[in-house]
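What follows is the residue order along each chain.
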Amino acid sequence: MNDLLSPKSGTNQPSEVECLGMTFQSEDDRREHFLALLAEKLKDSAFRAQEGFPKGTDEAILAMSDPPYYTACPNPWLAEFVTHYGRPYDPAEKYAREPMAIDVSEGKTDPIYKAHSYHTKVPHLAIVPSILHYTEPGDVVLDGFSGSGMTGVAAQWCGSAPAVYRQKLEMEWKKAGMSPPKWGARRAVLNDLSPAATFISANYNLPFDVDAFAKAGKQLLRDVEREIGWMYETLHSDGKTKGRIEFTVWSEIFTCPECAGEVNFIDEALDEDNRTRDSFPCPHCGANLNKDRLDRVMETRIDPATNTPWQKVKFKPSFITYSIGAKKYQKQLDQHDLDVLAKVERLSLPSHMPTVRFPIEQMYHGSRIAPKGFSNVHHFFLPRAAQSMSLLWEKAQNWPDHRTRGILLFMVEQSIWGFSVLNRYSPSHFSQVNRALNGVYYVASQHAECSPWYNLTGKLDRLEKAFRGYRTGVLISTEK
Ligand SMILES: C[S@@+](CC[C@H](N)C(=O)[O-])C[C@H]1O[C@@H](n2cnc3c(N)ncnc32)[C@H](O)[C@@H]1O
């Protein structure tokens, strides 16, 4: 029998699974059983009336949830989980720990940390020492403001830390005069009021079949290529070999203050080594220009969501980086490339692209994006990126197996920024993936519009490696 939260659970293998003292034939049976109970609970108006209850339909909450481990609403199984895995407080049992005063600063380069961004996210390796010091293996750790769930990762990771990490930490503790840690997984109860946070947290913490995910991810990218690969095809300089676009660099268009001629910022400001020059001559009148001297150009297009005029800053494609096999090339756009872009723009806005307006007035950076014409979510996506994003989401959302679907959505969701116009073209970096400026809504004058495969192939490999091995036991709730 699989233990409920053993690393093998979530794989839909035919062996029985145990969950909160009950036995099920499979993970699907377990989920079905608890989903029916949750559906019933959602009809209870007192349950829904709790302050901070997420705004969402029953269907949306049930689709996100994987009860009893994760509910996208207050988790009705919290008490049962704690009773099942915790130990009642016993005043006779002495608990004493010296305050821990060691350096726990950690870099932010660990593959687990980088799997999905979240504001104010703490690396799990910065939490592990505290959990080791203050708790025993098997204890239940509570994080009531858990964000992306790194406390849960840390609690579980105490049982799977690699030997090299253990030795290093034990040596450091010895030097600091501390007794050696007790290795072994802890369980965690994680809570956040944000369903987006608990969605990320659930995928960071709940067991899933990593091999099935790796296979599904590759299949998803192949399916997307079959349907919209034509949008990313370009012709090589021989005029016949087809290359696949990795990214297209778009430039904001300005006008020269001297002659009013149009200035494509990238075309004029980048030197042969793709470095931005501080100043450059106007291509029309030769006047000496720099970014501060240029005048912004607004253009009017038809908003694809409302079919009404839409004023926005003007961008034009500047060049393409593409690959043929393992070789990479760069080229200016030719007529075929421009025709493809025009054809994509004539398609209707894809069904999965949100069109909701940003709460501009309440946003610290609202005053930066609104005057440039970016007031609704879909404004952040060029037509081709909108098609890609929507198709990726649709394919992930329709994946039949629940846990694989969750982790596919997690992978696609973390790439949303990278598909938007917030993704800056950064000539000094090798990769143009996820180059949005952290913590702000900033649309730069140079944008790298990345293809789905350029964006996600490497990520898929990294997630597959990062996510093996530590998931043994958490409960996640969404409440205030
Ligand atoms: C500092 S972040 C935690 C980040 C977390 N350490 C991580 O690694 O991702 C604080 C979290 O508290 C949540 N929060 C704020 N007020 C809350 C409340 N009243 N109840 C539950 N969560 C709350 C926020 O949504 C946010 O995710």
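The rules we used
Residues numbered from 1 in each chain as written. Predicted model: local features only at pLDDT ≥ 70, side-chain atom pairs only at ≥ 80, totals over all residues. Heavy atoms only, no water. UniProt positions renumbered as here; feature names shortened; annotations may be inferred. Helix = DSSP H or I, 4+ residues; strand = E, 2+ residues; numbered from the N terminus. Buried < 20%, exposed > 50% of the residue type's maximum accessible area, 1.4 Å probe, protein only. Pairing = 2+ DSSP bridges. Axes fitted to C-alpha atoms, helices over the stretch in contact; angles between N-to-C directions. Contact = heavy atoms within 4.5 Å. Near = heavy atom within 4 Å. Polar contact = N/O pair within 3.5 Å; in protein donor to acceptor, adjacent residues only side chain to side chain. Areas by Shrake-Rupley, 256 points an atom, 1.4 Å probe, with all protein chains shown as cover. Nonpolar A, V, L, I, M, F, W, Y, C, P; charged D, E, K, R; others polar. Core = buried A, V, L, I, M, F, W, Y, C linked by side-chain atoms within 4.5 Å. Domains from an automatic or database assignment.

- If you check an unreviewed UniProt entry, the chain appears there as site-specific DNA-methyltransferase (adenine-specific) from Neogemmobacter tilapiae.
- The UniProt entry for the chain carries this comment under Catalytic activity (unreviewed entry): "a 2'-deoxyadenosine in DNA + S-adenosyl-L-methionine = an N(6)-methyl-2'-deoxyadenosine in DNA + S-adenosyl-L-homocysteine + H(+)".

### Examining the environment of A196
Moving on, step 1. On the secondary structure map, A196 appears in helix α9 (residues 195-205).
Moving on, step 2. Assessed through its relative accessible area of 46%, A196 is described here as partly exposed.
Moving on, step 3. In this structure the C-alpha to C-alpha distance between A196 and A269, which are 73 residues apart in sequence, comes to 39 Å.

### Here's the deal with the sheet that holds strand β3 (residues 140-143)
Moving on, step 1. With respect to topology, three strands assemble into an open sheet ordered β3-β4-β16, the strand pairing being parallel. The outermost strands of the open sheet, each flanked by one partner alone, are β3 and β16 (474-478). Recorded for the sheet is a direction-independent mean angle of 15 degrees between the axes of neighbouring strands.
Moving on, step 2. Bridging between strand β4 (residues 187-192) and β16 involves five bridges; their strand directions are parallel. Of the residues in β16, the one forming a bridge with N191 is S477.
Moving on, step 3. Sheet strands touched by α9: β4 and β16. Its angle to β16, the strand with the most contacts, is close to 170 degrees.

### Topic: the site of the ligand
Moving on, step 1. Neighbouring residues of the ligand: 15 residues in total, closest Y118, T120, V122, S148 and D192.
Moving on, step 2. Contact between the ligand and V122: an oxygen atom at 3.0 Å from a main-chain N or O atom of the residue.
Moving on, step 3. Within the side chain of S148, one N or O atom sits 2.6 Å away from an oxygen atom of the ligand.
Moving on, step 4. Compared with its free state, where it exposes 600 Å², the ligand has 73% of that area covered by protein.
Moving on, step 5. The residue inventory of the shell around the ligand, partitioned by class, reads five nonpolar, six polar and four charged.

### What to know about the nonpolar core
Moving on, step 1. Within the largest apolar cluster, 105 residues are counted, with the highest numbers of intra-cluster contacts made by Y204, F380, F410 and F467.
Moving on, step 2. Ranked by residues supplied to this core, first place goes to helix α10 (residues 210-228) with seven residues.
Moving on, step 3. Residue assignment places this core across two domains, with domain 1 (17-207 + 469-478) and domain 2 (213-466) each supplying three or more.
Moving on, step 4. Leaving out residues up to four positions away in the same chain, F467 has contacts with A115, N203, Y204, F208, V210, I407 and F410.

### Quick word on the UniProt feature "domain: DNA methylase N-4/N-6" (unreviewed entry) in the chain
Moving on, step 1. Mapped onto this structure's residue numbering, the UniProt feature "domain: DNA methylase N-4/N-6" (unreviewed entry) falls at residues 112-156.
Moving on, step 2. Secondary structure within residues 112-156 divides into 47% helix and 9% strand; the distance between the first and last C-alpha atoms comes to 13 Å.

### Focus on the domain arrangement of the chain
Often, the extent of an interface is quoted as the loss of accessible area on bringing the components together.
Moving on, step 1. Split by domain assignment, the chain resolves into domain 1 (17-207 + 469-478) and domain 2 (213-466).
Moving on, step 2. Contacts between the two partners involve 19 residues from domain 1 and, on the opposite side, twelve residues from domain 2.
Moving on, step 3. Viewed at the interface, domain 2 and domain 1 are joined by nine residue pairs in polar contact (both at pLDDT 80 or more).
Moving on, step 4. Broken down by element, the side of domain 1 that touches domain 2 gets its largest block of residues, five residues, from α9.
Moving on, step 5. Residues of the side of domain 1 that touches domain 2, tallied by class, amount to eleven nonpolar, four polar and four charged.

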